[in-house]
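Residue-level listing of the chains:
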Amino acid sequence: EASAPGRARRRWRGARNAGSPLARAAVILFLSAFLVRAPESVGYLVRLPRGFRLSQDSSKIVGSASSPVKVYVMLHQRSPHVLCVTQRLRNAELIDPSFQWHGPKGKIISVENSTAQITSTGSLIFQNFEESMSGVYTCFLEYKPTVEEIVKNLQLKYVMYAYREPHYFYQFTARYHAAPCNSIYNISFEKKLLQILSKLVLDLSCEISLLKSECHRVKMQRAGLQNELFFTFSVSSLDTEKGPKPCTDRNCEASSRLTKAKNLIERFFNQQVEVLGRRAEPLPEIYYIEGTLQMVWINRCFPGYGINVLQHPKCPECCVICSPGSYNPRDGIHCLQCNSSMMYGAKACI
C-alpha cells in the first residue's frame, strides 16, 4: 500500500496527459543518476538467515559397532578423518592393528588411491569429495587387546553423504507507473532498470535475474485507470562451489554478500522516491510507485539434493545428496520418492 504522498501522486496521474517521448526517456536518465549517487560502501547487518553448517564439532569421526555412522562432506572439499575405531577403542591400546577399507561397491581402497588417503592409523580421508563418492564405506579392523589374547575382528560401517550449500536468494517485486502497455518505452525502461541493478551488485559477485515483467491496467480507488509495470526479479550469489573458496573471511560468504546487495537495492529504490519528491516539474511517465517494493528470502537445493531434518539431524539445514530411490529434479527443498512409472537409472531418479 502506497503512503499518503504516493496516493496523492496516484490521484494526480489520472488527470495528466500521456507526456512526451522526452518525458518518457527522462526517467532513464534519473535512474542512471541514482547509480552515481550510490555510496561505495553501505552499512549492513552481518547475519546468516539460513545456516547450513554442520552441528558436528569435530574433524574426526569414530564408528559404532551397533549401527552405521553418517558422515557429511561438502562437495569438492576435504572430508573429516573417518577413524576405523569406536570411541572405546580410540582410548584403548591396540596390539598389531590392521585396517582394510572397502568402498560403496565393495572394492578395496588401496593406500595408493588417488581420491582417498588411508593413514598409518587406518583413518580414511578424501581430499576432494565428489558426488560419486557418496555411499556406504566399511572398515575391517583386526587387533589384539593384549599380547596374550587372540586376534579380534571388528567391522564398522559409515554412510558418506555429499552436501552443498543451499541455493538461497532474495526475490523482489516492485511496481512502476507505466506508459501504455503496448508501448516500446516500457521495454526500453525494463532493460535499463536491469542494467542499473546488475551494476549495483556486480562488485559483490551477485547477479540480477528478471523473473517476470507484466503490464496491467489498474483501477485506482476513487479514480480512473492507469498503466502499471509489475517487476519480479531476484538477486543471487555467483558462487560456482567448485574448488576451494578464495576467501575465507565471513564477509565473503554468500549470505553476507547477499545482505549487502539487498541493502543496496533497497537504498536504490528509496533514492528514486527522494529524487522524484524534489522535482518541481510534472512526474515522468514511467516512475517507481512508492511503497510497492517487497522482498522475500527463498531457500532452495540444487537438483539431486534435498533437506531432510529427520533423516539428517546432524546436518539439519544442509542440502544433502538424495539417497537411492529418491530425487530432486529441479530447485526444490526436499528429495522425493521415485514412483513405479520412473525408469530405473533415469537421471531424475537416482
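See above for the structure.
In this report, we go over the structure that sits alongside the text. The shown structure was predicted, so the numbers you read here are calculated from the model rather than taken from an experiment. (Residues numbered from 1 in each chain as written. Predicted model: local features only at pLDDT ≥ 70, side-chain atom pairs only at ≥ 80, totals over all residues. Heavy atoms only, no water.)

Let's talk about the overall build of the chain
Part 1 of the reasoning: For the chain, the helix and strand inventory stands at five helices and 18 strands.
Part 2 of the reasoning: The buried share of the chain, taken over its 350 residues, is 42%.
Part 3 of the reasoning: Counting only contacts in the chain whose residues sit at least 6 apart along the sequence, the fraction spanning at least 24 positions is 68%.
Part 4 of the reasoning: Accessible surface, the chain as shown: approximately 19,400 Å² in total, 53% of it carbon and sulfur. (Helix = DSSP H or I, 4+ residues; strand = E, 2+ residues; numbered from the N terminus. Buried < 20%, exposed > 50% of the residue type's maximum accessible area, 1.4 Å probe, protein only. Contact = heavy atoms within 4.5 Å. Areas by Shrake-Rupley, 256 points an atom, 1.4 Å probe, with all protein chains shown as cover.)

As for the pairing of strand S9 (residues 152-164)
Consecutive side chains of a regular strand alternate in pointing toward one face of the sheet and then the other.
Part 1 of the reasoning: As judged from the six bridges shared by strand S2 (residues 69-74) and S9, these two strands associate in the parallel manner. What sits directly across from Tyr-72, in S9, is Tyr-161.
Part 2 of the reasoning: Where strand S8 (residues 135-144) and S9 come together, nine bridges link them in antiparallel fashion. Pairing of Gly-135 across the sheet is with Met-160, part of S9.
Part 3 of the reasoning: Bridge count for S9 against strand S16 (residues 319-321) is two bridges, and the pairing is antiparallel. Counted as the bridge partner of Tyr-163 is Val-320 from S16. (Pairing = 2+ DSSP bridges.)

Side note on the state of the cysteines
Part 1 of the reasoning: Applying the stated criterion across every chain yields a total of five disulfides.
Part 2 of the reasoning: The disulfide that involves Cys-84 links it to Cys-139, with 1.6 Å between the sulfurs. The disulfide joining Cys-84 to Cys-139 has a torsion of about -95 degrees about its S-S bond and is therefore left-handed. Pair noted here: Cys-84 is in strand S3 (residues 81-86) and Cys-139 is in strand S8, with a separation of 55 residues, a long-range link. The burial state of Cys-84 is the same as that of Cys-139; both residues are buried.
Part 3 of the reasoning: There is a disulfide in this structure between Cys-181 and Cys-215, and the S-S distance comes to 2.0 Å. Taking the torsion about the S-S bond as the criterion, the Cys-181 to Cys-215 disulfide, at about -75 degrees, is left-handed. A residue pair is termed long-range when its members are at least 10 positions apart, and Cys-181 in the loop between strand S10 (167-177) and helix H4 (184-202) and Cys-215 in strand S11 (residues 206-219) qualify at 34 residues. (Disulfide = S-S within 2.5 Å.)

A short note on H4
Part 1 of the reasoning: Between its first and last C-alpha, H4 extends 27 Å over 19 residues, near the 27 Å set by a 1.5 Å rise per residue.
Part 2 of the reasoning: Among the residues of H4, those classed as buried are Asn-186, Phe-189, Leu-193, Ile-196, Leu-197, Leu-200 and Val-201. The buried residues of H4 occupy an angular sector of 125 degrees when projected down its axis, which confines them to one face. Residues Ile-184, Lys-191, Lys-199 and Leu-202 are exposed on H4 and point more than 90 degrees away from its buried face.
Part 3 of the reasoning: You can read the cap of H4 off the contacts: a side-chain oxygen lies 3.1 Å from the backbone nitrogen of Tyr-185, and it is on Ser-183. (Expected span 1.5 Å × (residues − 1). Arc of directions from axis to C-beta. Polar contact = N/O pair within 3.5 Å; in protein donor to acceptor, adjacent residues only side chain to side chain.)

Some thoughts on the side chain of Arg-257
Part 1 of the reasoning: Turning to its location among the elements, Arg-257 is positioned in helix H5 (residues 254-277).
Part 2 of the reasoning: Engagement of the side chain of Arg-257 in a polar contact is seen with the backbone oxygen of Leu-204, the distance being 3.0 Å.
Part 3 of the reasoning: Reaching out from Arg-257, the side chain makes a polar contact with the side chain of Ser-237 at a distance of 3.1 Å.

Points about the nonpolar core
Part 1 of the reasoning: Judged by nonpolar contacts, the single largest core of 41 residues is most densely connected at Trp-101, Leu-124, Phe-126, Tyr-137, Tyr-158 and Met-160.
Part 2 of the reasoning: Going through the elements one at a time, strand S1 (60-63), S2, S3, strand S6 (116-118), strand S7 (124-126), S8, S9 and S16 are the ones with two or more residues in this core.
Part 3 of the reasoning: The element best represented in this core is S9, accounting for eight residues.
Part 4 of the reasoning: Here this core spans two domains, since at least three of its residues come from each of domain 1 (60-164) and domain 3 (301-349).
Part 5 of the reasoning: Residues Tyr-170, Ala-174, Phe-189 and Leu-197 belong to the second largest nonpolar core, which totals 30 residues. (Core = buried A, V, L, I, M, F, W, Y, C linked by side-chain atoms within 4.5 Å. Domains from an automatic or database assignment.)

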